[in-house]
Amino acid sequence: MAGAFALPLQEYFASLDETSLPKILQVCSGVYFQGSVYELSGSEVCFSTGDLIKVIGLELHSVSCQDVLNNENFELPITHTGLFRVVPDEMPFSSVKEMMSLRPVSLDSCLPFTFTSRSKMTVGDLTLGAGRMLTVLSIEQQEGQEDQVRCHLKGSQETSAEVCIPMSFRGEFYECESEESFSLQEIMSSSTLRSRRFRFSNTAKCQRPLIFSPIYQIHAIMSMRKNALKFPSSLEIDVVDITNTSQDIEFVTPLSLTEVMSQPDEMFPTVVAILDPPVNHFMFKSTWTAKLNKETRLLLHKKTTKSFMLLSTPKSRKTQQYFLVCPQYKGRFRKRPREFNSAYELYVASTQTGSLNVSVTKNCEEDVAEGLPALSVGEKLEIVCCTRMELSSENSKEETQSVEALLCQRLQEQDDEDDSDSDEEGVEKDDKKDEVFLPLYMQGHFVEVLSDNKKYKLSDLGENCSLPLDMKVVSRDTELETDPLSGFSCLRLEAIISEPVIQASFLHKPEHCFDIPIQWLSMNVIFTKDSLPEGQPPKCYVEKVTEVNDYFFYEFRKQACSNEAPPPRPPKRSLPTEKSSKKASKSKKKTGKTNKTKHRKESAIPIEEMSNLTLTNKRRPPAPPPPEDITDEPPPIVPRKHPEDKVAASRAVQNTYVKVNQSEKTQDTDENSDHDYETLDENLVAMMKTAQESVVFY
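Of the regular secondary structure elements, the protein chain holds 15 helices and 36 strands. The buried share of the protein chain, taken over its 698 residues, is 33%. Considering only contacts within the protein chain whose residues lie at least 6 apart along the sequence, 69% involve residues at least 24 apart. Within the structure as shown, the protein chain displays about 46900 Å² of accessible surface, and the carbon and sulfur contribution to it stands at 50%.

Below is the structure:
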């Protein structure tokens, strides 16, 4: 930065010629963070002191207008339709050539324009007084002579004349205001016009002089930034142009593996450095994924599209494992018979294979109503086709029901005695084959009968067999030091995957290669200038078996089955016996309800009968009429009867809860007493009286 000077960003781009791009700028002041007031949608507003920016393009966004007299600023869109006139400069020109060279646009498009001279002008035999207005019409160019300006001179009495003034003519010239108007697009497209002052052509608007400066949307790149940046030129930061002194600076752009895959084949082999390690490396349980760390160098050999076999271990194991196997795997396998738990599974398997023979592994009792045949363990069936069968009904009045079923043929093992029979008997047996119908809703246990005992390569099984396919491991791949598949007796071939991969190796071991599936491992790399290993390209040994986790398997299933329709549900059997039993139960419930209601009606007694019932089961006689001699006087008081007159002594029960003092109790009662209550003891009365007095004193 020695000898360079800093300029505000807006001022720097106001005088920049777009043809001089690209430019390298260095930020020397101003730090802005995300979320500041300068942030625009999709724009970059975070720059620190010392950042290097490579400007690769400019896009005119708007125009900043500064009022010279009031020092006020406002913005106008670039699509503004108003027109502007040039305000003449107060600074004089010393020669005609200087005046013509500072015209805003080319001479042909700006002519004519008018100027005056402060002093007398003598051109040949013609003398012009000071202040005379001259209009430039054209420029006369002749070979071997000096260029001249042909001007029009207007006299006082509407007379006119033309005069030619040489370019080298000196004096004090001033530009007159022209009637020519310009749009914002025209002003911004000329660097000379941008340096002039303007006013609105419409006199109704403000007539104060304005200075225009463009506001650009700057397109730039920075080192270690993936995408191009966009930021406005109105950011209040200072920059220094270091283009001439920084030609050797490289702006490195990080690339994803998908972008590396799009590079031409001539780019390979090449060396890259890892910027960000893959986040989802846990899906691959291999030694090379753990070494993909930051700043690790990788040697990329080539890009290609490769097929992989996705294998899984049986579900009966505690932890199910999954493997990605290359077609170059040289182990051997045998087909393993499949197991089926219903006739519907047999139907699905028969549609995928040409011929299917199964053996029954569990007895099945015959049920005529449901259409289930009698099957014994060990019977062999050949699946023929899917058809319909008629179910027999218990009642002849009911309609027969038609259901979908598998047509099968029983396969009988021939004995030695059968081999000696005549050909005619064999033909009769073929004509009378035992056919069996298995309804699709039938539940059963079957196992596939395989007569093929050949050893297959994994690639052959994937091409010629329907998937998924159960396999038995017969022999290992002898080229591998440790074959992870040899320890399993049974494996299932789930699917065949076609993936774009990049064949890579570590720089210190270029011969040990591995395939990076770019759709499953995402990381950013940069091309480096590291030299390739010397000598001939090494012979690469690609890793044939890579273990993956269950997350990879489930994600693959989501992608593979996202556009597929779900499999149809197996049919269900609605038996006529169940319907009849349901109807019978419903009718029983209805008859039971009617019997209950009848019983309730019979046992119910009307309210009228309840009102007529009495203890003697007779009607109550009517109440007697009131006596005629009723008066308003109260009835006479009847004297109380004494107890000894009515109650016998023998009927009185002794009160065992109260002890009566017989000595103090008098035998004779007061005849004048009008009550028969028990008399109080005098000692009790005295005690109660003293207690009340003591309470009062408290």
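Okay, back to it.
Quick look at the side chain of Asp483 now. Tracing the backbone shows Asp483 in the loop between β31 (469–475) and β32 (490–506). Of the buried charged residues, Asp483 lacks a salt bridge, with Arg476 as the closest side chain of opposite charge at 4.8 Å. At a separation of 3.1 Å, a polar atom in the side chain of Asp483 contacts the main-chain amide nitrogen of Leu485. In contact with Asp483, other than residues within four places in its own chain, are Tyr329, Arg476 and Asp477.

The next thing to look at is the sheet that holds strand β12 (residues 160–166). Taking strand neighbours across the sheet as the criterion, the six strands line up as β6-β13-β7-β10-β11-β12 in an open arrangement whose pairing is antiparallel. One side of each edge strand has no neighbouring strand; the edge strands of this open sheet are β6 (93–95) and β12. Taken pair by pair, the neighbouring strands of this sheet meet at an average axis angle of 40 degrees, ignoring direction. Where strand β11 (residues 148–154) and β12 come together, seven bridges link them in antiparallel fashion. Note that in β12 the partner of Lys154 across the bridge is Ser160.

Right, let's talk about the environment of Leu235 for a bit. Relative to the elements of secondary structure, Leu235 occurs in the loop between β17 (229–232) and β18 (238–241). Classification of Leu235 as buried rests on a relative accessible area of 2%. Between the alpha carbons of Leu235 and Gln10 there is a distance of 7.3 Å; along the sequence they are 225 residues apart.

Attention shifts here to the pattern of salt bridges. The tally for this structure, following the rule as stated, stands at 18 salt bridges. Note that Glu175 is salt-bridged to Arg196, the shortest N-O span being 2.8 Å. Of this pair, Glu175 sits in strand β13 (residues 170–175) while Arg196 is found in the loop between α5 (191–194) and β15 (197–200), placing the two residues 21 residues apart along the sequence. Residue Glu175 shares its accessibility class with Arg196, and that shared class is buried. One salt bridge connects Arg410 with Asp434, and the closest N-O pair in it is separated by 2.7 Å. Here Arg410 is found in strand β28 (residues 401–411), whereas its partner Asp434 is found in the loop between α9 (423–431) and β29 (435–439), with 24 residues between them in sequence. Overall, the relative accessible area of 24% leaves Arg410 in the partly exposed class.

Another point: the side chain of Ser459. On the secondary structure map, Ser459 appears in helix α10 (residues 458–464). In this structure Ser459 touches Met309 and Pro327, once residues within four positions along its chain are discounted.

This brings us to the sheet that holds strand β25 (residues 339–342). Pairing is antiparallel across the open sheet formed by six strands, whose spatial order is β25-β30-β26-β27-β28-β29. Each end of this open sheet is capped by a strand with a single partner; those strands are β25 and β29. Each strand axis lies, on average, 45 degrees off the axis of its neighbour in the sheet, ignoring direction. Where strand β26 (residues 356–360) lies against strand β30 (residues 443–448), three bridges are found, and the strand directions are antiparallel. When the bridges of β30 are listed, Val360 appears paired with Phe446. Sitting on the sheet, helix α7 (residues 343–352) is in contact with β25, β26, β27 (380–391), β28, β29 and β30, with an inclination near 130 degrees to β25.

A few words on the nonpolar core. Residues Phe284, Leu298, Leu300, Leu324, Ile516 and Phe552 are the most contacted members of the largest nonpolar core, which totals 35 residues. Listed by contribution, the elements that provide at least two residues to this core are α6 (257–261), β20 (270–276), β22 (297–312), β23 (322–325), β32, β33 (509–517) and α11 (550–560). When residues of this core are assigned to their parent elements, the largest contribution, six residues, is made by β32. Within the second largest apolar cluster, 24 residues are counted, among which are Leu346, Leu356, Ile383 and Val403.

In this section: the packing of aromatic side chains. Here the structure, examined in full by the defined rule, presents 18 aromatic pairs. Taken together, a centroid distance of 4.5 Å and an interplanar angle of 10 degrees make the contact between Trp288 and Phe514 stacked. Linking Trp288 in the loop between β21 (284–285) and β22 with Phe514 in strand β33, this pair joins segments that are 226 residues apart in sequence. According to the relative accessible area criterion, Trp288 is buried, its value standing at 4%. The buried category is assigned to Phe514, whose relative accessible area is 3%. A connected cluster of aromatic rings, assembled from ring pairs, spans Phe284, Trp288, Phe506, Phe514, Trp520 and Phe552.

Looking only at α7, the buried set comprises Ala343, Tyr344, Leu346, Ala349 and Ser350. Looking at the packing, one finds that the buried side of α7 touches β25, β26, β27, β28, β29 and β30.

The grouping of Leu684, Met687 and Met688 at the surface amounts to a nonpolar patch, some 300 Å² of accessible area in total. Topologically, Leu684 is positioned in helix α15 (residues 682–697).

Here the amide bond leading from Leu21 into Pro22 is cis, since omega sits at 5 degrees, within 30 degrees of zero. Counting through the fold element by element, Pro22 comes out in the loop between α1 (9–14) and β2 (23–29). For the peptide bond that leads from Phe268 to Pro269, omega is 0 degrees, which places it in the cis range. Its location among the elements puts Pro269 in the loop between α6 and β20. Even without glycine at this site, Asn71 takes up a positive phi of about 55 degrees. By the element assignment, Asn71 lies in the loop between β3 (52–67) and β4 (73–77).

Before going further, it helps to examine the confidence of the model for the protein chain. Chain-level pLDDT for the protein chain is 76 on average; 72% of the residues reach the 70-or-more range. The low-confidence segment residues 600–605, where pLDDT is below 50, has one contact with residues more than four positions distant or belonging to other chains. The low-confidence segment residues 645–653, where pLDDT is below 50, has one contact with residues more than four positions distant or belonging to other chains.

Looking now at the environment of Leu128. Mapped onto the elements of the fold, Leu128 is located in strand β9 (residues 126–128). We classify Leu128 as buried; its relative accessible area is 3%. Spatially, the C-alpha atoms of Leu128 and Leu153 are 9.5 Å apart, while their sequence positions differ by 25 residues. Apart from residues lying up to four places away in sequence, Leu128 is in contact with Lys120, Met121, Leu134 and Leu153.

Cut-offs applied
Each chain carries its own residue numbering, running from 1 in the direction its sequence is written. Only residues with pLDDT of at least 70 get local features here, since the model is predicted, and only at 80 or more are side-chain atom pairs given and counted; chain-wide, interface and lining totals rely on the full set of residues. The side-chain quantities take in all heavy atoms of the structure and omit both hydrogens and water. Segments assigned H or I by DSSP are reported as helices when at least four residues long, segments assigned E as strands when at least two residues long, and all are numbered from the N terminus. Here's how the labels work: a residue is buried when its accessible area is under 20% of the maximum for its type, exposed when over 50%, partly exposed in between, all with a 1.4 Å probe on protein chains only. Here, residues are in contact when the closest pair of their heavy atoms is within 4.5 Å. All accessibility values rest on the Shrake-Rupley procedure with a 1.4 Å probe; residue burial counts only the protein chains present in the view. The charge count includes Lys and Arg as positive and Asp and Glu as negative, but it does not include His or the ends of the chains. In what follows, salt bridge is the name for a side-chain nitrogen of Lys or Arg lying within 4 Å of a carboxyl oxygen of Asp or Glu. As used in this structure description, the phrase polar contact means that two N or O atoms lie within 3.5 Å; if the pair is within protein, one of them must be able to donate a hydrogen and the other to accept it, and residues adjacent in sequence are counted only when both atoms belong to side chains. Here, strands pair whenever DSSP counts at least two bridges between them. Note on geometry: axes are C-alpha line fits, over the in-contact stretch for helices, and angles between N-to-C directions span 0 to 180 degrees. In these notes, a set of buried Ala, Val, Leu, Ile, Met, Phe, Trp, Tyr and Cys residues joined through side-chain atoms within 4.5 Å is what counts as a nonpolar core. To pair, rings of Phe, Tyr and Trp, with the six-membered ring standing in for Trp, must have centres within 6.5 Å; the planes then decide the type, stacked if under 30 degrees apart, edge-to-face if over 60, and tilted in the middle. For patches, a residue must show more than 30% relative accessible area and have no salt bridge; joins then use 9 Å for like charges and 5 Å for nonpolar side chains, namely Val, Leu, Ile, Met, Phe, Trp and Tyr. One confidence number per residue, pLDDT, is output by the predictor and ranges from 0 to 100.

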